[in-house]
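# Descriptive structure summary
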Amino acid sequence: YLLLVLGQYVAVLDAVSAMADAAKSRSFDAVLAAAPSLVAIGVGVLIGVVLVSNLVRWLLRRHRDATLGALLGLLLGAVAGLWPFREPVTPEVGSVIRGVRIESVEAAEAVPLKHRPTRGFSPSAGLVAGAAGLVLAGFGLSVLIGRLGGGGDGAEDRPAPDDHASA
């Protein structure tokens, strides 16, 4: 999601694709050319995961309710960035798709659907109902997994505080 927000999702996919193509062709020079961007991405992900997980753990210990509220806000805000009702459109002449400048209408129409830019559209009632059904099914499955796994807050596992008044 962060890659989408930062506009780097396609760049990362392109880097992974370039590395895969280089490995398939068994070209050591091509692998070396593709490696620096993937190494930088990997290091960034590792540092980000370590720093963010420690920051969230620290915030949860000290400000649990506010942190959970902020995390919930991020999750709900992510819905706008991951809006499911999108459709591919033909790229404009002069635009750049996967590092290649589109020079003609024919070239624009030849771009595979999975690489085309997308635009949002107004969904039908059936699509909205289907999406809402999937959301509810996911929520129900999460609740079921939590209950099967004993997903309490762990309060029953903690020892009770000493009662000094009875002594």
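Preceding this paragraph is the structure being described.
This text gives an overview of the structure that appears in the document.

Rules used in this analysis
- Residues numbered from 1 in each chain as written.
- Predicted model: local features only at pLDDT ≥ 70, side-chain atom pairs only at ≥ 80, totals over all residues.
- Heavy atoms only, no water.
- Helix = DSSP H or I, 4+ residues; strand = E, 2+ residues; numbered from the N terminus.
- Expected span 1.5 Å × (residues − 1).
- Buried < 20%, exposed > 50% of the residue type's maximum accessible area, 1.4 Å probe, protein only.
- Arc of directions from axis to C-beta.
- Contact = heavy atoms within 4.5 Å.
- Salt bridge = Lys/Arg side-chain N within 4 Å of Asp/Glu carboxyl O.

## Re helix H2 (residues 9-25)
An ideal rise of 1.5 Å per residue puts 24 Å on 17 residues; H2 measures up with 24 Å between its terminal C-alpha atoms. Residues Val-12, Ala-15 and Ala-22 constitute the buried set of H2. Down the axis of H2, the buried set is contained in an arc of 90 degrees. They therefore lie on one face. For H2, the elements touching its buried residues are helix H1 (2-5) and helix H3 (28-62). In the stretch just after H2, Arg-26 is the one whose phi turns positive, near 55 degrees.

## Points about the environment of Glu-103
Mapped onto the elements of the fold, Glu-103 is located in the loop between strand S3 (100-101) and helix H5 (105-110). Since its relative accessible area comes to 59%, Glu-103 is described here as exposed. For the pair Glu-103 and Glu-92, spaced 11 residues apart in the sequence, the C-alpha separation amounts to 9.1 Å.

## Considering the pattern of salt bridges
Note on pairing: side chains with opposite charge can pair once their charged atoms come close. On inspection of all chains with the given rule, the structure shows 1 salt bridge. Of the charged contacts in the structure, one is a salt bridge between Arg-119 and Glu-87, with a shortest N-O distance of 3.0 Å. Residue Arg-119 is located in strand S4 (residues 118-120), and its partner Glu-87 is located in strand S1 (residues 86-88); the two are separated by 32 residues in the primary sequence. Judged by its relative accessible area of 28%, Glu-87 is partly exposed.

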